[in-house]
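Survey of secondary and tertiary structure
Given next are the chains, with one letter for each unit.
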Amino acid sequence: MAVSLSGQIVTADRLNNALKEQQNWLTYWGDYTGIHHRDLKQINTENVKNLRVEWIYQTGEAGSNETTPLVVDGVMYVTAGRGIAMALDAQTGRELWRYKYAPPVGRNFVSSVNRGMAILGSNVYMVTPDSNLLALDAKTGRVVWQSEMAPWVPGVHYATLAPLVVKDKVIVGISGGEQGVRGFIDAYDAASGKRAWRFWTVPLKGEPGGDTWLGDSAQRGGGPVWMTGTYDPKLNLTYWGVGNPGPDLYGDVRKGDNLYSCSLVALDPDTGKLTWHFQFTPHDLHDWDAEETPMLLDLDWRGKPRKLVVQANRNAFFYVLDRETGEFLMGKPFERQTWAKGLDDKGRPILQPNAEPTPEGNRVCPGLAGGANWMAPSYNLDTKLFYFPVREACDVFYSEPPVYVAGKPYWGSVFRGATDEKEWGLLKALDPLTGETKWDFRYYRAPWAGTLSTAGGLVFSGDEDGYLMAFDARTGKNLWKLNTGNRLVSAPISYLVNGKQYITMPSGGAILTFALPD
Amino acid sequence: MHRALLLLFVSVLSAQDPNSGKAIFRSNCAFCHGVTGVGGRGPSLITAKISQGTSDADLKTIIRKGIAGTSMPAFDNLEGDDLDRLVADIRSLAGSGVSDTPVTGDAKHGAEVYARSACGACHRVGNAGSDYGPALTRIGGARSSEYIRQSIVEPSADIPPDYEGVTIVTAQGQKLTGVRVNEDTFSIQLRLQNGRFGLFKKSDLKSVTYEKKSLMPSYEEMAATDLQDLLAYLDTLRGSVAAIDDATRAKGIH
């Protein structure tokens, strides 16, 4: 397949139709709906046993890399921690350019994690650990513009997510849910870097929702946005998960529901105006961010076609909402949970006693890291199943009245792992229409890696011991595995170059790409 | 790896209240030393031998650098006032609970009890003994005598994570029990009592059973005087191990 250079220019229209470009991976989630699925079947249940490493690229950055690459007409754009970006030949792993962000001297980052890039026109976009948004020339890695999302204060704001491009804007969110920030979602003009709008995830007194915060607690109310949203071009709505309220585990200073923490917000991408919201965990006390992928599915709901948004939430419930209105349709636990008796008909949890953090500690399932987390789920268009990693772990939650000091963590507590039981994990296949488990595969440890589903009848995922694995999407049978030598904390992707199918997964300092033997 | 992750989690939870050494203690130390410092996986800080004759500066060194060759990690995120308050809080623990009474008993006879009971078949002291169970070279400095007593008469009360027992049955029906060295979704590695590794793919095994009880037998029946003498002997074991760096050792921290 000959690729012209003009073919490497990505338009908004191409992004709207990303699922029609099965050879590419044009957005962080692979397309706007977040299904993490590819209609590629060269690698399938019959031959996946022959899958082998095609190339390895060493980023030079130690530690675990949470990035997911983009692939555009044969070029892979990938990041590593501390503001590193690279363009590679997706067929061979050979480097085309490499960029390293040079922050002002003396800045120590709360986190150096980076989860990837967005692309539009001739630019790629990424955030930096000191919460700047960068536009880089996709051909050279040269900085086109740089915009500051939040003024630098040591130990407060930071940014990790892959930006989302919608039409002519680059949409990003801020991290710092443990640092007492007031969260926001920003949109910047893709050409100039000028800020177009800001949506504060934590409203102040006098604003709608501002009365859900005690006193002036909203000023430090958290509500970080550290994962990429999804987008429905027909409804012209973009969907973003909002993180925990702050202080994380001590609620007395912020009595109320604490909107829009632990919520899904549906925004108009042109103006940033809130169209609807749904709060999964009102007045959260367990750090259960709602940052899990808001996946957009068009399914027959109770016999009628309906536009849905689904999420396997950190609080251990799987939710189905109407994505036009935010109406709650279903919520079912997908693993052990000890905090809610159930959900009422509006989806609000009915709380169990003794599930709040206390000075003496209360043991609660799921634990602080949640039953699900930010790792990509996937939806297979053939099996019609939702695949996602499940973390089976409980924690003892302690509380402690906090004092806010800028630049210091603002947890309001300490938690510790329960020592009476080991954590473990599952890869789970769920019917999104019923919440029923169709199969699961048990991991020795609770995983931090996302999933990829393909038309080859496969689900790929990774575990905490470094295995990249392929499963039969219908049965859950493990068909292939390879130990990559580092815990896996990203999600696999798939693409074609010159008609050949590849699977890519970051592991430690390496970007690993797999293919069948020629 | 799991432990490392937990420690990481705990260490990022630094003080939310800068005026409270107790909050810093809870955030960083309580996971091992208990919320009130009475000990758990780590030694009691109320009865810790280390509180005798060590300066604030020494305690800060231990906290910031950890103790090489032990489970005590470095908390180099703590500094300045936070570190001062934490040390003050740890000092206050010493007066709050049980006093550190010296272990009575005949240590010389205790060493004979140790030999007679064949403790060295599983444990190491210095260069003598086996690596099947935990090394006891510095057990007198690392654990309270109450913890050691419990470990002898009721070994299953607290099994260190590195010494969990696993029994496997191979496809051929062979049954083997050992200490788990490592394990993942697809494989398991054991240390066997004969000193060898047992290395298995789980797909080759009929069963993998996690022992709820410690692999160490209980010595509940041991005569009271023998047990007391054995404790007195174990209390004398403050020996340095090669992994403890000289600088730390020079400060009298074992």
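Residues numbered from 1 in each chain as written. Chains lettered and ligands numbered in written order. Predicted model: local features only at pLDDT ≥ 70, side-chain atom pairs only at ≥ 80, totals over all residues. Heavy atoms only, no water.

What to know about the overall build of chain B
Scanning chain B from N- to C-terminus turns up 10 helices and seven strands. Put simply, of all contacts in chain B between residues at least 6 apart along the chain, 59% involve residues at least 24 apart. When the accessible surface of chain B is summed, it comes to about 12900 Å², and 54% of that surface belongs to carbon and sulfur atoms. (Helix = DSSP H or I, 4+ residues; strand = E, 2+ residues; numbered from the N terminus. Contact = heavy atoms within 4.5 Å. Areas by Shrake-Rupley, 256 points an atom, 1.4 Å probe, with all protein chains shown as cover.)

So, the overall build of chain A
Per the secondary structure count, chain A includes one helix and 38 strands. Taken against the 2.2 N^0.38 rule, which gives 24 Å for 518 residues, the C-alpha radius of gyration of chain A at 21 Å falls within 12% of a compact globule. Across its three principal directions, the C-alpha atoms of chain A cover 60 × 50 × 45 Å. When the 518 residues of chain A are sorted by exposure, 67% land in the buried category. Contacts in chain A between residues at least 24 apart in sequence constitute 58% of all its contacts with a sequence separation of at least 6. Summing over all exposed atoms, chain A offers an accessible surface of approximately 17200 Å²; the carbon and sulfur share of this is 50%. (Rg over C-alpha atoms; globule rule 2.2 N^0.38 Å. Buried < 20%, exposed > 50% of the residue type's maximum accessible area, 1.4 Å probe, protein only.)

Comments concerning the state of the cysteines
By definition, a disulfide is the covalent link that joins the sulfur atoms of two cysteine residues. Scanning the model with the defined rule gives one disulfide over all chains in all. Between Cys365 of chain A and Cys394 of chain A runs a disulfide, and the two sulfur atoms are separated by 2.2 Å. Here the S-S torsion is close to 100 degrees, and the disulfide linking Cys365 of chain A with Cys394 of chain A is therefore right-handed. Of this pair, Cys365 of chain A sits in the loop between strand E25 (362–364) and strand E26 (378–380) while Cys394 of chain A sits in the loop between strand E27 (385–392) and strand E28 (395–397), and the two are 29 residues apart along the sequence. The class of Cys365 of chain A is buried, set by a relative accessible area of 3%. Judged by relative accessible area, Cys394 of chain A falls into the buried class, the value being 7%. The thiol of Cys119 of chain B is not disulfide-bonded; the next cysteine sulfur, from Cys122 of chain B, is found 8.8 Å away. Of the residues examined, Cys122 of chain B reaches a relative accessible area of 22% and is grouped as partly exposed. (Disulfide = S-S within 2.5 Å.)

Let's talk about the packing of aromatic side chains
Summed over the entire model, instances satisfying the criterion amount to 29 aromatic pairs over all chains. Arranged with centres 5.2 Å apart and planes meeting at 85 degrees, the rings of Tyr404 of chain A and Tyr410 of chain A form a pair that is edge-to-face. When its relative accessible area of 30% is taken as the criterion, Tyr404 of chain A is described as partly exposed. On the accessibility criterion, Tyr410 of chain A (6% relative accessible area) is buried. A centroid spacing of 6.0 Å and a plane angle of 65 degrees characterise the contact between Phe441 of chain A and Tyr443 of chain A, whose relative ring orientation is edge-to-face. Positioned above the aromatic ring of Trp374 of chain A, the side-chain terminus of Arg115 of chain A is 4.4 Å from the ring centre. Note that Lys481 of chain A overlies the ring of Phe186 of chain B, its terminal NZ or CZ placed 4.7 Å from the centroid. (Phe/Tyr/Trp six-rings, centres within 6.5 Å; stacked < 30°, edge-to-face > 60°. Lys NZ or Arg CZ within 6 Å of the ring centre and 35° of its normal.)

Some thoughts on the pattern of salt bridges
When the charged atoms of two side chains lie near each other, side chains of opposite charge can form a pair. Using the criterion set out here, one finds 38 salt bridges over all chains in the structure. Of the charged contacts, one joins Arg14 of chain A and Asp73 of chain A as a salt bridge, the two residues approaching to 3.2 Å between their closest N and O atoms. Remark: Asp73 of chain A occurs in the loop between strand E3 (70–72) and strand E4 (75–80) and Arg14 of chain A occurs in helix H1 (residues 12–16); sequence separation between them is 59 residues. The burial state of Arg14 of chain A is the same as that of Asp73 of chain A; both residues are buried. Asp518 of chain A serves as the salt-bridge partner of Lys500 of chain A, at 2.5 Å between the closest nitrogen and oxygen. Remark: Asp518 of chain A occurs in the segment after strand E38 (510–515) and Lys500 of chain A occurs in strand E37 (residues 500–507); sequence separation between them is 18 residues. Take Lys500 of chain A: its relative accessible area is 15%, and that puts it in the buried class. Because the salt bridges share partners, they merge into one network encompassing Lys422 of chain A together with Glu164, Arg180, Glu183 and Lys202 of chain B. (Salt bridge = Lys/Arg side-chain N within 4 Å of Asp/Glu carboxyl O.)

What about the packing of helix H6 (residues 107–116) of chain B against helix H9 (residues 224–235) of chain B?
All names here are of chain B. With their axes 7 Å apart at the nearest point, H6 and H9 run at an angle of 100 degrees to one another. Between H6 and H9, the angle falls in the class roughly perpendicular. Contacts from Ala107, His109, Gly110, Ala111, Val113, Tyr114 and Arg116 in H6 reach Asp226, Asp229, Leu230, Ala232, Tyr233 and Leu234 in H9. Of the residues assigned to the contact of H6 with H9, the class counts are eight nonpolar, two polar and three charged. (Axes fitted to C-alpha atoms, helices over the stretch in contact; angles between N-to-C directions. Parallel < 35°, antiparallel > 145°, perpendicular 65-115°, else oblique. Nonpolar A, V, L, I, M, F, W, Y, C, P; charged D, E, K, R; others polar.)

Quick word on the sheet that holds strand E31 (residues 436–443) of chain A
Residues and elements named next belong to chain A. Reading across from one edge, E26-E27-E30-E31 is the order of the four strands in this open sheet, with antiparallel pairing throughout. Edge strands, defined here as strands with exactly one partner in the open sheet, are E26 and E31. Put simply, the sheet's adjacent strands are angled 25 degrees from each other on average, direction ignored. Summarising the sheet, E26 and E27 pair through three bridges and their orientation is antiparallel. Paired with Tyr379 across the strands is Phe386, a residue of E27. (Pairing = 2+ DSSP bridges.)

Focus: a nonpolar patch on the surface
A surface patch of nonpolar side chains, about 320 Å² in accessible area, is lined by Val181, Phe197 and Leu199 of chain B. Note on placement: Phe197 of chain B falls in strand E6 (residues 197–201). (Patch = residues over 30% accessible without salt bridge, like charges linked within 9 Å, V, L, I, M, F, W, Y side chains within 5 Å.)

A look at the sheet that holds strand E1 (residues 37–38) of chain A
The strand order across the open sheet formed by five strands is E1-E32-E33-E34-E35 (chain A), and the pairing between neighbours is mixed. Across the chains shown, the open sheet's two edge strands, defined by having one partner strand only, are E1 and strand E35 (478–483) of chain A.

Some remarks on the confidence of the model for chain B
Residue and element names in this part refer to chain B. In this model, chain B carries an average pLDDT of 80, and 79% of its residues clear a pLDDT of 70 or more. Across residues 1–18 the pLDDT falls below 50, and counting only partners more than four positions away or on other chains, this stretch makes 51 contacts in the model. Across residues 241–254, confidence stays below pLDDT 50; counting only partners more than four residues off in sequence or on other chains, it has 22 contacts. Both confidence scores are given for the complex: pTM 0.89, ipTM 0.90. (pLDDT = per-residue confidence, 0-100.)

Let's talk about the confidence of the model for chain A
Predicted coordinates in regions of low pLDDT should not be interpreted in detail. For chain A, mean pLDDT is 95; residues scoring 70 or higher make up 97% of the total. Between residues 1–6 of chain A, whose pLDDT stays under 50, and residues either more than four places distant or in other chains, the model counts three contacts.

Here we look at helix H2 (residues 21–28) of chain B
The buried count for H2 of chain B comes to seven of eight residues, which makes it a mostly enclosed element. Among all positions of H2 of chain B, only Gly21, Ala23, Ile24, Phe25, Arg26, Ser27 and Asn28 of chain B are buried.

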